[in-house]
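# Descriptive structure summary
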Amino acid sequence: MKTPILFGLALILSTIIHAQKKNAAFNIHIKKTTETITIDGKGDEETWKYAEPANDFFMVLPMDDRKATQPSEVKMAYDDRQLYLLATFYKTPGNTYVVESLRRDFSFGGNDNFLLFMDPFNNQTTGFTFGANAYGAQWDGTMFNGGSVDLNWDSKWVSEVQVYEDKWVVEMAIPFKSIRYEKGVDKWGINFSRLDLSTNEKSSWTPISRQFPTSSLAFSGTLDWDNPPPNQGLNYSLIPYVLGTVGNSTIEDVTYKDELKVGGDVKLGLSSSLNLDLTLNPDFSQVDVDRQVANLTRFELFFPERRQFFLENADLFSSFGYETIRPFFSRRIGLGVPIIAGARVSGNLNKNLRLGLMDMQTDKVDEIGLPSQNFAVLSLQQKVFSRSNIGLMFVNKESLDYNALIDEQKTEFTRFNRNLGLEYNLASSDNKYTGKLFMLKSFGPDESYNGIAQGANLTYSSRQWNWRVQQEYVSDNFVSEVGFVPRNNYINFNGSLGYLFLPASDKVVSHGPKFFGQYYFNPNLQSTDYVSVLGYEVNFLDRSSLSLDVFNEYVQLLAPFDPTNTDQEELATGTRHHWNGAYLQYQSKPKSLFTYQLVSRLGRYFSGGYRTNLNAQLGYRFQPYVSLAATLSYNNLDLPGPWYTTDFWLVGSEADITFTNKLFWSTLFQYNEQSKNFSLNSRFQWRYAPASDLFLVYNSSEQLSPLEGKVWSLTLKLTYWFNR
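Below or above, wherever it landed, is the structure these notes cover. Predicted, not measured: the structure shown is a model, and the values here were computed from it.

Of regular secondary structure, the protein possesses four helices and 39 strands. Taken over the C-alpha trace, the protein has a radius of gyration of 26 Å; the compact-globule value for 724 residues is 27 Å, and the two agree within 12%. Each of the three principal axes of the protein carries a C-alpha extent, and together these read 75 × 60 × 55 Å. Taking all 724 residues of the protein together, 52% fall into the buried category. Restricting the contact set of the protein to residue pairs at least 6 apart, pairs at least 24 apart contribute 60%. Surface accessibility of the protein: about 31500 Å² in total, with carbon and sulfur atoms responsible for 56%.

Another point: unusual backbone geometry. Residue Pro624 is reached from Gln623 by a cis peptide bond, and omega for that bond is 0°. At the junction of Gly641 and Pro642, the peptide bond is cis and its omega measures out at 10° in the coordinates. Positive phi, close to 55°, is recorded for Asn200, a residue that is not glycine. Note that Asn200 resides in the loop between strand S12 (187–196) and strand S13 (201–204). Residue classification places Asn200 among the buried residues on the basis of a relative accessible area of 8%. With a phi close to 55°, Lys676 is a non-glycine residue in the positive phi region. Mapping Lys676 onto the fold places it in the loop between strand S35 (663–672) and strand S36 (677–689).

A few words now on the side chain of Thr125. Among the secondary structure elements, Thr125 is positioned in the loop between strand S6 (113–119) and strand S7 (127–133). In this view, Thr125 contacts Asp119, Met143, Phe144, Asn145, Gly146, Gly147, Leu217 and Arg387; residues no more than four positions away in its chain are not counted.

So, about the pattern of salt bridges. With the rule as written, the count across this model stands at 21 salt bridges. Here Arg354 makes a salt bridge to Asp315, at a shortest N to O gap of 2.8 Å. Here Arg354, found in strand S19 (residues 353–362), pairs with Asp315, found in helix H3 (residues 315–318); they are 39 residues apart in sequence, far enough to count as distant. Ionic pairing is found between Lys436 and Glu423, a salt bridge with its closest N-O pair at 3.5 Å. Taken as a pair, Lys436 in strand S23 (residues 433–443) and Glu423 in strand S22 (residues 416–427) lie far apart in primary sequence, 13 residues in all. The exposure class assigned to Glu423 is buried, which follows from its relative accessible area of 5%. Members of the salt-bridge network, linked through shared partners, are Arg104, Asp140 and Asp154.

Across ten bridges, the pairing between strand S25 (residues 465–474) and strand S26 (residues 490–499) is antiparallel. The residue bridging Val474 from the neighbouring strand is Tyr490, located in S26. Here eight bridges tie S26 to strand S27 (residues 508–521), and the two strands are oriented antiparallel to one another. Residue pairing for S27: Gly498 is matched across the bridge by Lys514.

The next thing to look at is a nonpolar patch on the surface. Side chains of Ile390, Leu392, Phe394, Leu420, Leu422 and Phe443 sit close together on the surface and give an oily, nonpolar patch of about 470 Å² of accessible area. Breaking the nonpolar patch down by element, the ones donating at least two residues are strand S21 (388–399) and S22. Considering every element that reaches the nonpolar patch, the biggest residue donor is S21, with three residues. Along the polypeptide, Phe394 turns up in strand S21.

Our focus in this paragraph is the packing of aromatic side chains. Tallied over the entire structure, the rule returns 43 aromatic pairs. Between Tyr78 and Phe176 the ring centres are 6.5 Å apart and the planes differ by 80°, which places this aromatic pair in the edge-to-face class. Placement of the pair is Tyr78 in strand S4 (residues 72–78) and Phe176 in the loop between strand S11 (167–175) and S12, with a sequence separation of 98 residues. Here the two residues Tyr78 and Phe176 agree in accessibility, since each one is buried. Grouped by ring-pair contacts, the aromatic residues Phe26, Phe58, Phe89, Phe114, Trp168, Phe192 and Trp205 constitute a single cluster. Here Lys91 stacks its cationic end above the ring of Tyr97, 4.8 Å away from the centre of that ring. One residue, Arg418, lies across the ring of Phe416, its end atom 4.1 Å from the ring centre.

A word on the nonpolar core. Among the nonpolar cores identified, the biggest contains 37 residues, and Phe114, Phe130 and Phe192 are the most heavily contacted of them. Those elements giving two or more residues to this core turn out to be strand S1 (27–32), S4, strand S5 (82–90), S6, S7, S11, S12 and strand S14 (221–225). Apart from the residues within four sequence positions on either side, Phe192 is in contact with Ala54, Phe57, Val74, Met76, Leu85, Phe114, Leu115, Leu116, Ser203, Ser204 and Trp205. Within the second largest apolar cluster, 25 residues are counted, among which are Phe309, Leu316, Tyr322 and Tyr520.

Each value, and the rule that gives it
Residues numbered from 1 in each chain as written. Predicted model: local features only at pLDDT ≥ 70, side-chain atom pairs only at ≥ 80, totals over all residues. Heavy atoms only, no water. Helix = DSSP H or I, 4+ residues; strand = E, 2+ residues; numbered from the N terminus. Rg over C-alpha atoms; globule rule 2.2 N^0.38 Å. Buried < 20%, exposed > 50% of the residue type's maximum accessible area, 1.4 Å probe, protein only. Contact = heavy atoms within 4.5 Å. Areas by Shrake-Rupley, 256 points an atom, 1.4 Å probe, with all protein chains shown as cover. Salt bridge = Lys/Arg side-chain N within 4 Å of Asp/Glu carboxyl O. Pairing = 2+ DSSP bridges. Patch = residues over 30% accessible without salt bridge, like charges linked within 9 Å, V, L, I, M, F, W, Y side chains within 5 Å. Phe/Tyr/Trp six-rings, centres within 6.5 Å; stacked < 30°, edge-to-face > 60°. Lys NZ or Arg CZ within 6 Å of the ring centre and 35° of its normal. Core = buried A, V, L, I, M, F, W, Y, C linked by side-chain atoms within 4.5 Å.

Dropping the structure here:
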């Protein structure tokens, strides 16, 4: 495959658009304190009287050409152990606070909140984020790709919030041992963001164009230290756990046994910016369950990683390639298979070079003949130009004692599978141009494993215009057993184009047309399927939105397919299907106690039939303690024989009770008529110390007729974070 000339120009663009940091003139100085600071949200220590304030915030939304109307002020200090922050957010008296719950890692758009974005390496690419909503719920995550945030990461830190009639105040203490930074560096990238839903105003300490999130590190200011942050010294954490589980199964071929289990993790700072993680006999029973979806596609669905061990610096391992061409997908490891142990080294070797090295060992499963397997991953990322980088990845999956398997098992399980990849990620200094160019090669025991995958894209974003062009190719013999590549043997071109009008209106913030197209071909450039979508969207001042899309879709089946995905008769390979339809979507304003999102799909479907799809997401909160949510999805498929009419519901209902910001109880019920499954997950969590938890988790999954049976379990788990 030859990459289009357009994408080769991405390399030239990065050299042309190599400029000084955009908001380099925005500085806040931080000084060391000898005073003991009590984290109570009051800020009455002498330190805060003399700390330099960051104030006079800029409005980002609804319009980015003026100062914020709601005043904000942030101050920072530090001592030998911790970084401190005090932030005060004034509001118009009488305006109510909007808070969904006290749950950690809240939804940004549904809460009055404050967020801190730190770029300790000042590379405008990676960092950490901490924050709180107006009632004290915490937010923390890692940052990658210049502004993306992974909220699955948790660290050990404390905060408190005080609420008044005309303001709310948050105070934080973040241990230096909870973050990574380069020794001896006295300038960090920094920015502060505020969302005030009473005025529908998003603001930032530094000016940021409205098309970019406030997390964009390209627009961060500078945190100037009076002396470089202290050396972390010996930095390690021990996170042991103990759990007990009871359960039972009445499903055929599924057994369940009671168990008592002990294991844990170790975190060791190899340097102030490089970390070693070890795990022994890990358990992830307390992790959030996946949200079920109705699947009417021909391909495997992607579900995100939620397990803590895989999350710090996760982008080094998980962001290589595209969402549908991933050489490494950590959920391939240890789901349904016991993990014996694992080790991972990740972080920065210096300001510009990042390293990720992981090795995981799984146990054998005698019941299915699965051998013990080893998974090893190497990832390197070298920064080039102002914000771009070059990445290298190697993934190896090896079956141990493979020769001891019988011939039937050797056919089912591969002796080894390897992927080697190189990619270039473009990010211009002003963030308007981003892109990617990558190549992957797979290796295996014979030629049927030795294929390639390749892709390239370029994206442009301005206040009113946005466009993207993308190309990808996956050969028939490209195999990535530890990755996520749901489709092989194709060439794909896709792209989008949009324009926003910015009216002088007190009701509408923006509106405009948009286009998206995706076109698949076989390696001989013969069309196999495509979809073209033309739409119009309207964004209102109260943060509600409305959009209407019409689409034209064509599919030539490359394999037999049941259009209902309910194990009925399949359409034949090679049959062609063409239809049109429309989508209508409305998202309500987030500051209402009752919120909702409605999406409908009307139009034709396979074999000349019709598909009607109605989706609703409903929420109601008794803020800040109780949040109720429901997801409803209805599909009606009106097809000729032998399918005739097929309809099914997907129903999800969740109650989230947050007694305090350390005591939570959530219950999720899901009913999927398509897969004939009823499931219940109820989880009680007490964060009795920072990053230390007691969990009580009940899980139940019931198969409905004709696959009747039920499996349930009750788990009590205790974790504690020892820190030095």
